[in-house]
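Summary of structural features
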Amino acid sequence: MIKVEDTFAEAFSMKASRLIITAYNQSWAIKAAESFCGFATSVIACGCEAGIESNLTADQTPDGRPGVSVLVFSMSSKELAKQILNRTGQCIMTSPTSAVFSGNSGEEKIPLGNALRYFGDGFQISKMIDEKRYWRIPVMDGEFICEDFAYQMKGIGGGNFLILGEDIANVLKAAELAVNKINKLKSVILPFPGGIVRSGSKVGSKYKNLIASTNFEYCPTLKGMVKSKLDKKIACVLEIVIDGIKKEDVELAMKVGILEILRTKSLTGINRISAGNYGGKLGPYLFKLKSVIA
Amino acid sequence: MKRILLQPKIKIQSELDLRNLSNIDFGKKNSINSIKILYQNREKKLKDLFDLKFEDIKKKECELVFRGLNKYCNYLGWKWKKNILRINSNVGSFLGAKMEGGKIFVNGSAENHVGSEMKNGTIFIKFNVSDFVGASLPGGKGGMSGGTIIIYGEAKDYLGLNMRRGIIYVNSDAGNFSCNNMVAGTVILKKNVGESLGLGMKRGTIFLNRKSYSNKCFKESGGLSDSFFGLLYNYFLKKHGIKFFDKDVKLKRFCIDSKIDEVGELFIKE
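This is a predicted model, so every value here is computed, not measured.

**Quick look at the overall build of chain B**
- Broken down by element type, chain B carries three helices and 17 strands.
- A compact globule built from 270 residues should have a C-alpha radius of gyration of about 18 Å, and chain B, at 20 Å, falls within 12% of that.
- Across its three principal directions, the C-alpha atoms of chain B cover 60 × 40 × 25 Å.
- Looking at chain B as a whole, 55% of its 270 residues are labelled buried.
- Considering only residue pairs separated by 6 or more positions, chain B has 39% of its internal contacts joining residues 24 or more positions apart.
- Carbon and sulfur atoms make up 43% of the accessible area of chain B, which totals about 12300 Å².
- Of the charged side chains in chain B, 47 are positive and 27 negative; the average position of the first set lies 5 Å away from that of the second.

What follows is the structure, given as structure tokens:
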């Protein structure tokens, strides 16, 4: 019997944006998207958190080619704009046959083609289609098509739950099951490698310059040395971190993930489901595990 | 929403200036009846020349619907901002000139200067148009700077003269001097085009549904990116129900001679 602890996950407001990346085929759209989302696991040191939201068929994209929808989250508008521009320039524009479009609307603009057009060195062409401006930048395989602006929207970062178990094999299996289920949802991403994080963090450190450090309460090798939250049986903890557009999206993703673990009868060696929080100090969104899965 | 149906009480045989109808307030019956229009250079009230019928409709936009107009009825849709203008007959010159938004449907043909200097909105013409579609107005410097003009029939000369932005689609033939002095924008010509296409063109894009076109101004220059083609294809199909080219068409790109130092381009079928 897996116990769901009476605790809550603590999430915070972020700035977000959705991009649509298209390419000659799905495979190249995914390659461009994966490159864009590389080194974007945590705002602690990456500047943003990004991930693939969903694959898109040709009839779901602006230019009628297969594509991928990507969500990007950051702590400030300035950082979000910087990350989107740099990553689009270095990871999408460089990827063969790629094109990039905004996937959401909003008041606040993030320069995309508007800044990248200068790469065209005067040979760039602007086109207004249906009241949207696109830039055609000449590149070596033809043209890189890029919408003038992406748009900022509100987002939520840091939704999470922890899987506590007796060994890595079973905990990893449980986490993978949850990730597979959550990945089918829209409006959420799991920014960490494979959707799973092993180095859960706490705010601050004994070292002055470090803003985050290991969450010692959940480290099995520190049992007996610190005030641990792990009992004798638990030898492994993995965390699933969820970023989403709305509170309901994050809530649904947590529910779907936790229920998948609870309902899979073949799973063994899983003892508890818990969540990371900072005593309510970090963010305004508190996701109580018991009410999430109710 | 409201719909107003207008039909002339008399046979219009001389110039009629209808530009004041663009300031119509659909909610105010009395003020509509007394809108001033110019007929034979004399000021008349709208109700003097037209029978008006007011209706409530279940649509998102108000509609102004005309019947029985002819080539003397000019300046309809002048600076048109929002709502729908529907003309179930032929119409005169300056239709939708300086238009700023909304939609104009003409179930007939139109004369000169359709959409000249328009900024936004969409004009649909079921049959033919005369000269200066989307061009600059007499004495004006720049042509249309936004919006879309869709002509299902033919267009005569000087189509897109001085055009700055926007899209013109001609489903049939276009005349001489099309796209001359074009600054930017997109023109799609589905059939034949007359002489001197794109003279003095600075930037902008012309699509020509022909396999060859001889013009010394243009030099061969690669192909068309499938993403840009897809954007236009989807725009025409989803927004206007028009198949602007076959999806698998191969297009050859020509650009303005590099000696002229401009980036205007012409696409023709391979």
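**Let's talk about the sheet that holds strand S2 (residues 16–17) of chain B**
All names here are of chain B.
- Taken together, four strands build an open sheet; the order of strands is S4-S3-S2-S7 and the sheet is mixed. The sheet terminates laterally at strand S4 (42–45) and strand S7 (73–74), the two strands that pair on one side only.
- In this sheet, S7 lies alongside S2 in parallel orientation, the contact comprising two bridges. Along S7, the bridge assignment pairs Leu16 with Cys73.

**So, the nonpolar core**
- In this structure, B:Phe50, B:Phe66, B:Leu76, B:Ile87, B:Leu95 and B:Leu189 are the most contacted members of the largest nonpolar core, which totals 60 residues.
- Non-local contacts of B:Leu95, meaning those with residues more than four positions away in its chain, are made with B:Leu76, B:Ile87, B:Ile104, B:Val106, B:His113, B:Val114, B:Gly115, B:Ile123 and B:Ile125.
- Core analysis: the next-biggest nonpolar cluster, separate from the first, contains 34 residues, A:Ala174, A:Val179, A:Leu267 and A:Leu289 among them.

**Some words on the interface of chain B and chain A**
- Contact with chain B, which involves 23 residues of that partner, is made by 21 residues of chain A.
- In this assembly, chain B packs against chain A so that about 1700 Å² is buried in total across both faces, 55% of it on carbon and sulfur atoms.
- Taken as a group, B:Ser227, B:Phe228 and B:Leu231 account for 31% of the area that chain B buries against chain A, more than any other trio of residues on that side.
- For the interface between chain B and chain A, the tally reads three salt bridges.
- Inspection of the chain B/chain A interface yields 10 residue pairs in polar contact (both at pLDDT 80 or more).
- Mapped onto the side of chain B that touches chain A, the elements with two or more residues apiece are strand S12 (165–170), helix H3 (226–240) and strand S17 (265–269) of chain B.
- The residue inventory of the side of chain B that touches chain A, partitioned by class, reads seven nonpolar, nine polar and seven charged.

**A few points about the environment of A:Ile52**
All names here are of chain A.
- Here Ile52 is to be found in strand S3 (residues 49–56).
- Taking relative accessible area as the criterion, Ile52 reaches 30% and is therefore assigned partly exposed.
- In sequence terms Ile52 and Ile20 are 32 residues apart; their C-alpha atoms lie 9.9 Å from each other.
- Ignoring any residue separated from it by four or fewer positions in sequence, one finds Ile52 in contact with Ala33, Glu34, Cys37, Val68, Ser69, Val70 and Ile189.

**Considerations on the packing of helix H4 (residues 168–182) of chain A against helix H5 (residues 247–263) of chain A**
Residues and elements named next belong to chain A.
- It is at 8 Å that the axes of H4 and H5 come closest, and there the two elements cross at 140°. Considering their axes alone, H4 and H5 lie oblique with respect to each other. In this structure, H4 crosses over H5, and the sense of that crossing is right-handed. Along its contact with H4, which presents Ala174, Leu177, Ala178, Lys181 and Ile182, the element H5 presents Ala253, Val256, Gly257, Glu260 and Ile261.
- Tallied by class, the residues present in the contact of H4 with H5 amount to seven nonpolar, one polar and two charged.

**Brief notes about the packing of aromatic side chains**
- Counting across every chain of the model gives 17 aromatic pairs over all chains.
- Pairing A:Phe101 with A:Tyr134 gives two aromatic rings, centres 5.9 Å apart and planes at 75°, and the pair type is edge-to-face. One end of the pair, A:Phe101, is in strand S5 (residues 99–102); the other, A:Tyr134, is in strand S8 (residues 132–139), and 33 residues separate them in sequence. One exposure class covers both A:Phe101 and A:Tyr134, and it is buried.
- Put simply, the rings of B:Tyr169, B:Phe207, B:Phe228, B:Phe229, B:Tyr233, B:Tyr235, B:Phe236, B:Phe244, B:Phe245 and B:Phe267 pair up and form one aromatic cluster.

**With respect to a positive patch on the surface**
- Side chains of B:Lys141, B:Arg164, B:Arg165, B:Lys202 and B:Arg203 sit close together on the surface and give a patch of like positive charge.
- Among the structural elements, B:Arg203 can be located in the loop between strand S13 (186–189) and strand S14 (205–208).

**Quick word on the domain arrangement of chain A**
Residues and elements named next belong to chain A.
- Here chain A is described as being made up of domain 1 (3–11 + 156–292) and domain 2 (14–153).
- Taking only C-alpha atoms, the centre of domain 1 and the centre of domain 2 are 30 Å apart.
- The interface of domain 1 with domain 2 comprises 17 residues on the first partner and 16 residues on the second.
- Buried area between domain 1 and domain 2, summed over both chains or domains, comes out near 1200 Å², and the portion from carbon and sulfur atoms is 66%.
- Considering only the side of domain 1, the residues that lose the most area to domain 2 are Ile189, Pro191 and Ile245, jointly responsible for 39% of the buried surface there.
- Where domain 1 packs against domain 2, one counts zero salt bridges.

**As for unusual backbone geometry**
- Of note in the backbone geometry, A:Phe39 takes a positive phi value of approximately 45° without being a glycine.
- Structurally, the position occupied by A:Phe39 is in the loop between helix H1 (26–36) and S3.
- A:Phe39 gets classed as exposed once you look at its relative accessible area, which sits at 60%.
- The residue B:Asn83 is not glycine, and still its phi comes out positive at about 75°.
- If you trace the backbone, B:Asn83 turns up in the loop between S7 and strand S8 (84–88).

What counts as what
Residues numbered from 1 in each chain as written. Chains lettered and ligands numbered in written order. Predicted model: local features only at pLDDT ≥ 70, side-chain atom pairs only at ≥ 80, totals over all residues. Heavy atoms only, no water. Helix = DSSP H or I, 4+ residues; strand = E, 2+ residues; numbered from the N terminus. Rg over C-alpha atoms; globule rule 2.2 N^0.38 Å. Buried < 20%, exposed > 50% of the residue type's maximum accessible area, 1.4 Å probe, protein only. Contact = heavy atoms within 4.5 Å. Areas by Shrake-Rupley, 256 points an atom, 1.4 Å probe, with all protein chains shown as cover. Lys, Arg positive; Asp, Glu negative; His and termini not counted. Charge placed at Lys NZ, Arg CZ, Asp CG, Glu CD. Pairing = 2+ DSSP bridges. Core = buried A, V, L, I, M, F, W, Y, C linked by side-chain atoms within 4.5 Å. Buried area = accessible area lost by both parts, 1.4 Å probe. Salt bridge = Lys/Arg side-chain N within 4 Å of Asp/Glu carboxyl O. Polar contact = N/O pair within 3.5 Å; in protein donor to acceptor, adjacent residues only side chain to side chain. Nonpolar A, V, L, I, M, F, W, Y, C, P; charged D, E, K, R; others polar. Axes fitted to C-alpha atoms, helices over the stretch in contact; angles between N-to-C directions. Parallel < 35°, antiparallel > 145°, perpendicular 65-115°, else oblique. Left-handed = near helix turned anticlockwise from the far one by under 90°. Phe/Tyr/Trp six-rings, centres within 6.5 Å; stacked < 30°, edge-to-face > 60°. Patch = residues over 30% accessible without salt bridge, like charges linked within 9 Å, V, L, I, M, F, W, Y side chains within 5 Å. Domains from an automatic or database assignment.

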